[in-house]
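So you can see what is in the structure, the chains are spelled out below.
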Amino acid sequence: MGLDIARLLEIRTWRAFDVDDDGRVLAGSDDSGSVQLVELADGVATPLTGLPGACQGRYLPGERAVVVEHDDGGNERGQLSLLTLDGDGEGGRSPAGLDDLTPLVHDARYMHRLLDVLPGRVVYATNRRNEVDFDVVIRNVATGIEEVLYDGGGLVRGVAVSADARRAVITIYGAVAMADDVVLVDAMPETEAGHVRPLTEPGTPGQFAGPHWLGDAGAFVVATDADTDHTAIVRYDVDPGEWRTVLAPEGHDLSCWPSPDGRLLLVEANVEGASRLSLHTADGEKLRDVPLPGDGIAVFPLPEPVWSPNSRWVALSWSAPDVPGDVLRLDVESGELTALTDSAAQFGGEPLALPTTHRVPTEDGEQVPCFVYRPIGAGDGSSVLIVHGGPESQSRPQFNPLVQAMAANGHAVLVPNVRGSTGYGRRWYEADDVRRRLDSVADLGALHAWLPSLGLDPGRAALWGGSYGGYMVLAGLAFQPGKWAAGVDIVGISSLVTFLRNTSAYRRAAREREYGSLEHDLQFLHDASPLTQVDAIRAPLFVIHGANDPRVPLSEAEQLVAAVSGNGVECELRVYGDEGHGLAKRANRLDAFPRALAFLTRHLAPAGAEPDGRRARTR
């Protein structure tokens, strides 16, 4: 039958959002074409929602109810609703539509992001005060009474509220790159007015991610690179107010999720993009590894692992190069790790491309981490470089239908983590900040120069990327003309100047710390923009964008396409009216991506090939 792009895009995936004390898992399934909520219990999958677009949610602790976060057409203005589950949630019920949800926090003008759930209460962030800063609010579900926990400004990164609702720890993206702020809120709502206490000095280097309380309100843990290149797990004891390291990184970024009772830590080590899991005591002593299915080359993407309130169960989302996305449940008492879904069965035993890991040398002496997927069957020497977005992100060895489709079409696929990527230490993460932006673009040139060592034709190499990866595609074509045979840009930035001027107000400050500010770095932003060098673009382009994109406005694509087309270069634009920052709906992916892959195949065909990309027959 073959793994063509249409079949690969039809592959269903799963993810875990929550788990309750009885081991029931609140999962996400894209079986309907967008991610909807499903409950997994006793071998039965019960659909819970059937909303127009993707959603996510959490159980309300101690109740048969789910808090649902949903938006309209990918506009990212999340609204929070309550879904009450009937009885044990099994049998007979139809998936809930919008009219079946009870509004909790609804105002379509603003963003509301679900952060945490407590018995009878939800914690969320919202930009409704001024559309820029995010305040943290706790809401009593029964009474509707709200209290503001934090309104000190900035883009909230992470929030943890103690089980007794007496304290909260909040991490905020700082005013400068690589310098987050951490604040402690004492004397929480329903007791007395909250008091905000800074725990870090503004501007002090260090990222702080994933704060979690250890059982009570006396101590919390967080992952940080404040005093090391890779992220360590550190603990803060409120009394006497001291930080100490629980787990040192030893060459790999660490993350952790403590059990609600504070006794255990589930720890992930990010080893060349793959996840290695282990259980530790709260003081960091290792108890045992958590073996993963298969050969262990697995990734735990968002959403993060989540514990049940009684600390018995952990629900995990996982993926591997040949596993689209499944839900695992760990029974901490017995140590048993159970796969609740089996997405790989959809392949029917067909072979898939598996990655090898490399380091690619650059002219300035760096080494670019890169995964290489060889073609399935005979290749023809062509290649596609897929560049991730962010740039604060990491390409990891997990299933990607586009990678598999390209490999099935005979293309080698290179998936690099150019400088600016996470997962390889703070030095690599900050190596592209502000005036070093074009150093990351130069990494594309290094990858191009490396192609012959893989037996690949440098004259038949293309770029593919979304969001910041889309900027990299356009920058590669503009600043390295002649190297690339074609490009596919998905919701990409064509001008750093117009992007910063037109992006959502709440994102501007956060993005300026990465790219540079319009006030101080305007000329550099102009010079580093592909649109400024658009006359140099000669490679054909395929551009995809969502009409509702609040991050990279549609105007970024429209101005780029107008300029490239005006120069007589082939450039096709596909706009989707019900999408935001990317394509969340399968129907749109099935329309856009086969067209984009056909475009690549046509432009990467060997000399003398027929129009559909096949090599011409000799007579």
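Reading guide: rules and limits
Residues numbered from 1 in each chain as written. Predicted model: local features only at pLDDT ≥ 70, side-chain atom pairs only at ≥ 80, totals over all residues. Heavy atoms only, no water. Helix = DSSP H or I, 4+ residues; strand = E, 2+ residues; numbered from the N terminus. Rg over C-alpha atoms; globule rule 2.2 N^0.38 Å. Buried < 20%, exposed > 50% of the residue type's maximum accessible area, 1.4 Å probe, protein only. Contact = heavy atoms within 4.5 Å. Areas by Shrake-Rupley, 256 points an atom, 1.4 Å probe, with all protein chains shown as cover. Lys, Arg positive; Asp, Glu negative; His and termini not counted. Charge placed at Lys NZ, Arg CZ, Asp CG, Glu CD. Axes fitted to C-alpha atoms, helices over the stretch in contact; angles between N-to-C directions. Parallel < 35°, antiparallel > 145°, perpendicular 65-115°, else oblique. Pairing = 2+ DSSP bridges. Polar contact = N/O pair within 3.5 Å; in protein donor to acceptor, adjacent residues only side chain to side chain. Expected span 1.5 Å × (residues − 1). Salt bridge = Lys/Arg side-chain N within 4 Å of Asp/Glu carboxyl O. Phe/Tyr/Trp six-rings, centres within 6.5 Å; stacked < 30°, edge-to-face > 60°. Core = buried A, V, L, I, M, F, W, Y, C linked by side-chain atoms within 4.5 Å. pLDDT = per-residue confidence, 0-100.

### Points about the overall build of the chain
Scanning the chain from N- to C-terminus turns up 10 helices and 36 strands. On C-alpha atoms alone, the chain measures out to a radius of gyration of 24 Å, which is about the 25 Å that the 2.2 N^0.38 rule sets for 619 residues. Evaluated residue by residue, the chain yields a buried proportion of 59% over its 619 residues. Partitioning the contacts of the chain with sequence separation of at least 6, the portion at a separation of at least 24 is 54%. When the accessible surface of the chain is totalled, it reaches about 23900 Å², and 48% of it is carbon and sulfur. Within the chain, the 87 negative side-chain charges are centred at a point lying 4 Å from the centre of the 54 positive side-chain charges.

### A look at the packing of helix α4 (residues 437–450) against helix α5 (residues 468–479)
Two elements in contact, α4 and α5, have axes separated by 10 Å at closest approach and are oriented at 75 degrees. For the element pair α4 / α5, the angle class is roughly perpendicular. Only Tyr 468, Tyr 471, Met 472, Ala 475, Gly 476 and Phe 479 of α5 make contact with α4, whose side of the interface consists of Arg 437, Leu 438, Ser 440, Val 441 and Leu 444.

### Quick word on the sheet that holds strand β3 (residues 36–41)
Ordered in space as β1-β2-β3-β4, the four strands form an open sheet in which the pairing is antiparallel. Strands with a single pairing partner mark the edges of an open sheet, and in this sheet they are β1 (14–19) and β4 (44–47). Along the sheet, successive strands turn relative to each other by an average axial angle of 35 degrees, direction set aside. Relative to β3, strand β2 (residues 25–29) runs antiparallel, the two being bridged by five bridges. Following the sheet pairing, Ser 29 is matched in β3 by Gln 36.

### Re the pairing of strand β23 (residues 274–281)
In terms of residue burial, β23 counts as a mostly covered element, since seven of its eight residues are buried. As defined by bridge partners, strand β22 (residues 264–271) adjoins β23 across eight bridges and the pair is classed as antiparallel. Across the sheet, the residue bridging to Leu 266 is Leu 279, located in β23. Hairpin connection of β22 to β23: two residues between the antiparallel strands, including Glu 272 at a positive phi of 55 degrees. The sheet contact formed by β23 and strand β24 (residues 286–289) spans three bridges and is antiparallel. Considered in β24, the bridge of His 280 is made with Lys 286.

### With respect to the environment of Thr 362
On the secondary structure map, Thr 362 appears in the loop between β29 (355–361) and β30 (367–373). Along the primary structure Thr 362 and Leu 444 are separated by 82 residues, whereas in three dimensions their C-alpha atoms are 9.4 Å apart. With near-sequence residues (within four places) excluded, Thr 362 lies in contact with Val 368, Arg 419, Asp 443 and Ala 446. Within the structure, the side chain of Thr 362 is placed 2.9 Å from the backbone nitrogen of Glu 366, a separation counted as a polar contact.

### Description of α5
Here α5 spans 16 Å end to end across 12 residues, near enough to the 16 Å set by a 1.5 Å rise per residue. Of all 12 residues in α5, 11 are buried; the element is thus mostly enclosed. Listed in full, the buried residues belonging to α5 are Tyr 468, Gly 469, Gly 470, Tyr 471, Met 472, Val 473, Leu 474, Ala 475, Gly 476, Leu 477 and Ala 478.

### Describing the side chain of Asp 489
In this structure, Asp 489 sits in strand β34 (residues 486–490). Look at Asp 489: it is buried, it has no salt bridge, and the nearest opposite charge is Arg 574 at 13 Å. Polar side-chain contacts of Asp 489 include one of 3.0 Å to the backbone nitrogen of Gly 492. If near-sequence neighbours (up to four positions away) are discounted, Asp 489 is found in contact with Gly 465, Gly 470, Val 473, Leu 474, Leu 541, Phe 542, Val 543 and Ile 544.

### Notes on the sheet that holds strand β5 (residues 55–59)
Ordered in space as β5-β6-β7-β8, the four strands form an open sheet in which the pairing is antiparallel. In this open sheet, the two strands that pair with only one neighbour each are β5 and β8 (102–105). Neighbouring strand axes in the sheet, compared pairwise and without regard to direction, differ in orientation by 30 degrees on average.

### Some thoughts on helix α7 (residues 505–515)
Those residues of α7 that sit buried are Tyr 506, Arg 507, Ala 510, Arg 511, Arg 513, Glu 514 and Tyr 515. Close packing links the buried residues of α7 with α4, α5, α6 (496–502) and α8 (522–527). Taken from the residues just after α7, Gly 516 is the one with a positive phi, measuring 110 degrees.

### Observations regarding the packing of aromatic side chains
Two numbers describe a pair of aromatic rings. These are the distance of the centres and the angle of the planes. Going through the model one piece at a time under the given rule, you end up with 12 aromatic pairs. Here Phe 208 and Trp 243 contribute two aromatic rings whose centre-to-centre distance is 5.8 Å and whose plane-to-plane angle is 45 degrees, an arrangement assigned as tilted. On the criterion of sequence distance, the pair formed by Phe 208 in strand β17 (residues 208–213) and Trp 243 in strand β20 (residues 242–247) is long-range, its members being 35 residues apart. For Phe 208, a relative accessible area of 6% puts it in the buried group. Given a relative accessible area of 33%, Trp 243 falls into the partly exposed group. Judged by centre distance (5.9 Å) and plane angle (85 degrees), the rings of Phe 499 and Tyr 515 are edge-to-face.

### Topic: the nonpolar core
Core analysis: the biggest nonpolar cluster contains 89 residues, and Met 406, Leu 414, Trp 464, Tyr 471, Leu 541, Phe 593 and Leu 600 have the highest contact counts within it. With eight residues, the top contributor of residues to this core is α5. With sequence-adjacent residues up to four places away left out, Met 406 is seen in contact with Val 384, Ile 386, His 411, Val 413, Trp 464, Leu 597 and Leu 600.

### Re the confidence of the model for the chain
Mean pLDDT over the chain: 91, with 94% of residues reaching 70 or higher. Per-residue pLDDT stays below 50 along residues 611–619; that stretch engages in 15 contacts with residues further than four places along the chain or on separate chains.

### Quick word on the pairing of strand β11 (residues 135–140)
Burial within β11 is extensive, with six of its six residues counted as buried. Side-chain alternation along β11 places Asp 135, Val 137 and Arg 139 on one buried face and Val 136, Ile 138 and Asn 140 on a second face that is also buried. Sheet topology places strand β10 (residues 121–126) next to β11; six bridges connect them, and they run antiparallel. Bridge assignment links Val 122 to a residue of β11, and that residue is Arg 139. Note that β11 and strand β12 (residues 146–150) share four bridges and pair antiparallel. Residue pairing across strands places Val 137 opposite Val 148, the latter belonging to β12. Between β11 and β12, which pair antiparallel and follow one another directly, the connecting turn spans five residues, one of which, Gly 144, has a positive phi of 80 degrees.

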